[in-house]
Amino acid sequence: RESSVRGRPHEGLGPMTMMDIWIPDRLIKHVIGNRGATIDQIEADSGARVQVHKEERPVGPDERKRIMITGPQVSCIRAKQLVEEVAYRDEREKQRGGQGQGWGGA
């Protein structure tokens, strides 16, 4: 997979940033999507690199898994928003009585 972050300068977008976010393991499949399509789309839309390390074990009482985001700060912030939107969409829809379908579902 090629991302706009890898191998290309980011003039005007600020210094490179790395952030970790923690998502319940049961929701990681929504972030990755079918054959990686959702995570690829998040990278394309944000300009940040988004990585889920499958070999890392979930931690904490709520079994959260780390997602690493790297790129210019503005891109990382956007990627974080997109990851959280995709990960929690189905749960929000269920609370509202919907089907939980839409952008980037697994």
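Placed above this text is the structure.
Residues numbered from 1 in each chain as written. Predicted model: local features only at pLDDT ≥ 70, side-chain atom pairs only at ≥ 80, totals over all residues. Heavy atoms only, no water.

Engineer: Just give me the short version of the pattern of salt bridges, but keep the residues and values in it.
Structural biologist: Opposite charge on two side chains permits pairing when their charged atoms draw close. By the definition in use, this model includes six salt bridges. For Arg66, the salt bridge goes to Asp20, with nearest N and O atoms at 3.5 Å. Remark: Asp20 occurs in strand S1 (residues 16-24) and Arg66 occurs in strand S3 (residues 64-72); sequence separation between them is 46 residues. Of the residues examined, Arg66 reaches a relative accessible area of 19% and is grouped as buried. Several salt bridges converge on common partners, so that one network encompasses Asp20, Glu56 and Arg66. (Salt bridge = Lys/Arg side-chain N within 4 Å of Asp/Glu carboxyl O. Helix = DSSP H or I, 4+ residues; strand = E, 2+ residues; numbered from the N terminus. Buried < 20%, exposed > 50% of the residue type's maximum accessible area, 1.4 Å probe, protein only.)

Engineer: Break down the sheet that holds S1 for me, citing the residues and quoting the values.
Structural biologist: Reading across the sheet, the three strands line up as S1-S3-S2 and stay open at both edges, with antiparallel pairing between neighbours. Strands with a single pairing partner mark the edges of an open sheet, and in this sheet they are S1 and strand S2 (49-52). Averaged over all neighbouring strand pairs, the angle between strand axes comes to 20 degrees, with direction disregarded. In this structure, S2 lies alongside S3, joined through four bridges in antiparallel fashion. Bridging across to S3, Val52 finds its partner in Ile67. Packing against the sheet, helix H3 (residues 73-96) makes contact with S1, S2 and S3, and its axis sits at approximately 10 degrees to S1. (Pairing = 2+ DSSP bridges. Axes fitted to C-alpha atoms, helices over the stretch in contact; angles between N-to-C directions. Contact = heavy atoms within 4.5 Å.)

Honestly, it's all geometry; don't read function into it.
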